[in-house]
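This is what each chain is made of:
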Amino acid sequence: AQSVTQPDIHITVSEGASLELRCNYSYGATPYLFWYVQSPGQGLQLLLKYFSGDTLVQGIKGFEAEFKRSQSSFNLRKPSVHWSDAAEYFCAVSPGNEKLTFGTGTRLTIIP
Amino acid sequence: GAVVSQHPSRVICKSGTSVKIECRSLDFQATTMFWYRQFPKKSLMLMATSNEGSKATYEQGVEKDKFLINHASLTLSTLTVTSAHPEDSSFYICSAGARAGVDTQYFGPGTRLTVL
């Protein structure tokens, strides 16, 4: 069965600084990969997804993620965070675009 | 983007009672809906997949007689927690999509269930 690991439970970043959230997955082949953001009172919002092709994926809100097959990783990055980026971030995998398996999430705090 | 709503946003009930949670797609027809459960500081766990007009497909370990799912129309799915107990207290989230494939799913804001 597939699994997703987000090793960082909580990350604090200064506003304007760069951000990288880590995600590692375990699966026999390359699954579909996703990053979602969850803000209080809001549903999970899809930031970006990777199915195939270019391993650097651009998403909404200035986020990008890079798929590295050799490391089974799909880390999320943003060059300069804004206070509004404070939220919970979830990495997820789907072997055949049928069901999502989520990581435990990383809570992002932004300090002025 | 597409909007998915859930009602109620939070509910408190007594142990032994049943609670119904609604998931609606407001501006599209949802052929597929998913129900998840989120524990504090934990990830979302898929409970079941629901296709309109069909019986829900439950994940291993999820009691189908306890968590009744009905997808009676293309815009509404309901989750009924029957004979609720304190351990059923959780955050329940639905997602809906106009077609198969999780990449096209839109998530509802969730329902906080507290069983006393």
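Please refer to the structure higher up on the page.
The rules behind these values
Residues numbered from 1 in each chain as written. Chains lettered and ligands numbered in written order. Predicted model: local features only at pLDDT ≥ 70, side-chain atom pairs only at ≥ 80, totals over all residues. Heavy atoms only, no water. Helix = DSSP H or I, 4+ residues; strand = E, 2+ residues; numbered from the N terminus. Rg over C-alpha atoms; globule rule 2.2 N^0.38 Å. Buried < 20%, exposed > 50% of the residue type's maximum accessible area, 1.4 Å probe, protein only. Contact = heavy atoms within 4.5 Å. Areas by Shrake-Rupley, 256 points an atom, 1.4 Å probe, with all protein chains shown as cover. Pairing = 2+ DSSP bridges. Disulfide = S-S within 2.5 Å.

A.B. asks: Is there a simple way to think about the overall build of chain B in this case?
C.D. replies: Tallying secondary structure elements over chain B gives zero helices and 11 strands in all. Helices and strands in chain B line up, N terminus first, as β-β-β-β-β-β-β-β-β-β-β. Taken over C-alpha atoms, the radius of gyration comes to 13 Å for chain B, in line with the 13 Å a tight globule of 116 residues would show. Projecting the C-alpha coordinates of chain B onto the three principal axes gives extents of approximately 35 × 25 × 25 Å. For chain B, buried positions account for 53% of its 116 residues. In chain B, of all internal contacts separated by at least 6 residues, the share reaching a separation of at least 24 is 55%. Split by element, the accessible area of chain B, about 5,700 Å² in all, is 53% carbon and sulfur.

A.B. asks: How should the pairing of strand β5 (residues 32-38) of chain A be read in this particular structure?
C.D. replies: For a regular strand, the rule is simple: side chains alternate between the two faces of the sheet. All names here are of chain A. Counting buried residues along β5, six of its seven residues qualify, which places the element largely inside the surrounding structure. With seven bridges joining them, β5 and strand β10 (residues 87-94) adopt antiparallel strand pairing. Paired with Q38 across the strands is E88, a residue of β10. Sheet analysis places β5 next to strand β6 (residues 45-50), joined by five bridges and oriented antiparallel. Looking at β6, one finds that L33 is bridged to Y50.

A.B. asks: Hey, could you run me through the state of the cysteines in this one?
C.D. replies: Covalent bonding between the sulfur atoms of two cysteines is what defines a disulfide. All names here are of chain B. Counted according to the given criterion, the structure contains two disulfides over all chains. Through a disulfide, C23 is tied to C94; the S-S separation comes to 2.0 Å. Taking the sign of the S-S torsion, 80° for the link of C23 and C94, the bridge is right-handed. You can see C23 sitting in strand β3 (residues 19-25) and its partner C94 sitting in strand β9 (residues 90-97), a full 71 residues away along the chain. A relative accessible area of 0% places C94 in the buried class. Unpaired in this structure, C13 has its nearest cysteine sulfur neighbour in C94, at a distance of 18 Å. Residue class for C13 comes out buried when judged on its relative accessible area of 10%.

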